[in-house]
Amino acid sequence: MASLATRRQLCRLALSGGSTCLAGPQRRSFFGMGQILGVMANPAETLRQLNESREMLRKAKEDIELSNEAKKIPPKHTFSKLPGFHGRETEQALLRRILSNTPKMTVVFGATSVGKTALLREVLASDDFYVIKFDLRISGFADLRTLYLSLCEQFERFFQEMNDEEMNKCMLTFKHTKLELLENERPKDGVPGYKITVADLASLMESLQSCLLKYWEYEPSQKAKGEDEKDTRAKEGLQARQVDAIQSSSEQSPTSTEPNEKPPFQKRPIVFLMDEAHKLPALVPDPFSLKVFLDTLLVLTKQDRLCHVILATSDSFFQHFLRKMNVGHHSQILTIGDCSKEETLSYFLSTIVPSLPPVSKAPSTSTPSTTPSAANSPT
């Protein structure tokens, strides 16, 4: 007890007078000694584990590099004007007039290989429209699940192509919706993963409806202003959706931008295009899912006036199918026929005739003329 009291006094003196205090006996820790002894006892196993770790790190680094390269690959744009397009001035003007009015569902009907796709691309593949495009020749979906994923990818790419910070938020909505579905589909602890239902499809189309409504209410030039004008923009939203599509992008007032400066965001009419739409019932065999999908397209056009919907088909019975789905009587039909006689003649003279090889005249084989003296001369 005396030694303990003496030690306490020495510590108090050290704290008050600045002298050092002798610490108590230190305890040694043997943590990690087992691992060290294991390495020393079996160095070959240690080297093998180090090589495996190095190989795993190398593969992980390669995967990260490949993932970064994949992110740098730009999305493929296959929706472009077809080369060699000629004529169809009347059809182009009519289609632009339809797209400049109130959004509706339009069925473009024409015989096979009459030029429906070429006409639609000639009008829509420009800077006058934003297009959500589906070509059911190579649909990318064959059931409800793949339809859901294909819609997510198309909607994500659609808002990404707008190249605007505010619209990128809508793009992230569909990106994370797709990732969430893929994560929920993985089986966990022997329990099967989540299976997509019609309610998920309806929720996805409702998200598209909200994003399109946000698109029409969004004013890039009024970002810095307060929220006082929000109600005014909402009232003017319906009028702003009827953008004049007859004027081409070249006729709009040019804006001076620097070479490295991002061009300003401009609103354009939105077109939901589905080519070869008569294949849709075969690709989505569930009639209830198909009904929900078509009803949503009808809501986007007839009710909310958010976008145009164009269904191109070569099947004359497709309109009967739409009526059966209670959608056909809300749509209008645009029939595409053959080119006119004047356009055909113009194409023949301006394109086909110049491509023909020139006709070379055969040399004339004339018999040598015999003079009377030569004819009467003796042989």
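This one's a predicted model, so the numbers in the text were calculated from it and none came from an experiment. (Residues numbered from 1 in each chain as written. Predicted model: local features only at pLDDT ≥ 70, side-chain atom pairs only at ≥ 80, totals over all residues. Heavy atoms only, no water.)

Comments concerning the nonpolar core
Phase 1 of the analysis: The biggest cluster of nonpolar side chains holds 56 residues, and the ones touching the most others in it are Phe159, Phe272, Phe293 and Leu294.
Phase 2 of the analysis: Residues contacting Phe293, with those up to four places away along its chain left out, are Leu151, Leu201, Met205, Phe272, Met274 and Leu280. (Core = buried A, V, L, I, M, F, W, Y, C linked by side-chain atoms within 4.5 Å. Buried < 20%, exposed > 50% of the residue type's maximum accessible area, 1.4 Å probe, protein only. Contact = heavy atoms within 4.5 Å.)

Comments concerning the sheet that holds strand S5 (residues 331-336)
Phase 1 of the analysis: Ordered in space as S2-S3-S4-S1-S5, the five strands form an open sheet in which the pairing is parallel. Since the sheet does not close on itself, it has two edges, and those belong to strand S2 (130-135) and S5, each with one partner. Across the sheet, the mean angle separating the axes of adjacent strands is 20 degrees when strand polarity is ignored.
Phase 2 of the analysis: Pairing geometry for strand S1 (residues 105-110) and strand S4 (residues 308-313), over five bridges, is parallel. By the bridge assignment, Val108 is partnered in S4 with Ala312.
Phase 3 of the analysis: Docked against the sheet, helix H4 (residues 89-100) engages S1, strand S3 (270-275), S4 and S5, running at close to 165 degrees with respect to S5.
Phase 4 of the analysis: Strands S1, S3 and S4 of the sheet are contacted by helix H12 (residues 287-303), whose axis makes an angle of about 115 degrees with S1. (Pairing = 2+ DSSP bridges. Helix = DSSP H or I, 4+ residues; strand = E, 2+ residues; numbered from the N terminus. Axes fitted to C-alpha atoms, helices over the stretch in contact; angles between N-to-C directions.)

Here's the deal with the packing of aromatic side chains
Phase 1 of the analysis: For the coordinates displayed, the defined rule picks out nine aromatic pairs.
Phase 2 of the analysis: Plain terms: the ring middles of Phe158 and Phe159 are 4.9 Å apart, the flat faces sit at 75 degrees to each other, and that makes the pair edge-to-face.
Phase 3 of the analysis: Note on Phe158: relative accessible area 2%, which makes it buried.
Phase 4 of the analysis: Owing to a relative accessible area of 0%, Phe159 belongs among the buried residues under this scheme.
Phase 5 of the analysis: Just above the ring of Tyr130 sits the side chain of Arg268; from NZ or CZ to the centre is 4.5 Å. (Phe/Tyr/Trp six-rings, centres within 6.5 Å; stacked < 30°, edge-to-face > 60°. Lys NZ or Arg CZ within 6 Å of the ring centre and 35° of its normal.)

Notes on the pattern of salt bridges
Phase 1 of the analysis: Across all of its chains, the model carries 16 salt bridges by this definition.
Phase 2 of the analysis: Between Arg48 and Glu45 there is a salt bridge; the shortest N-O distance is 2.3 Å. Placement of the pair is Arg48 and Glu45 together in helix H3 (residues 43-72), with a separation of three residues, close to one helical turn.
Phase 3 of the analysis: Taking the shortest distance from any N to any O, the salt bridge between Glu183 and Arg186 comes out at 3.3 Å.
Phase 4 of the analysis: For Glu183, a relative accessible area of 37% translates into the label partly exposed. (Salt bridge = Lys/Arg side-chain N within 4 Å of Asp/Glu carboxyl O.)

Side note on the confidence of the model for the protein chain
Residues shown with low pLDDT carry predicted positions that ought not to be read at fine detail.
Phase 1 of the analysis: Overall, the predicted model of the protein chain reaches an average pLDDT of 77, with 71% of residues at or above 70.
Phase 2 of the analysis: Overall, residues 248-257 carries pLDDT values under 50, and its contacts beyond four positions in sequence, including any with other chains, amount to seven contacts.
Phase 3 of the analysis: Confidence drops under a pLDDT of 50 for residues 371-379, and excluding neighbours within four residues, the segment shows zero contacts in the predicted structure. (pLDDT = per-residue confidence, 0-100.)

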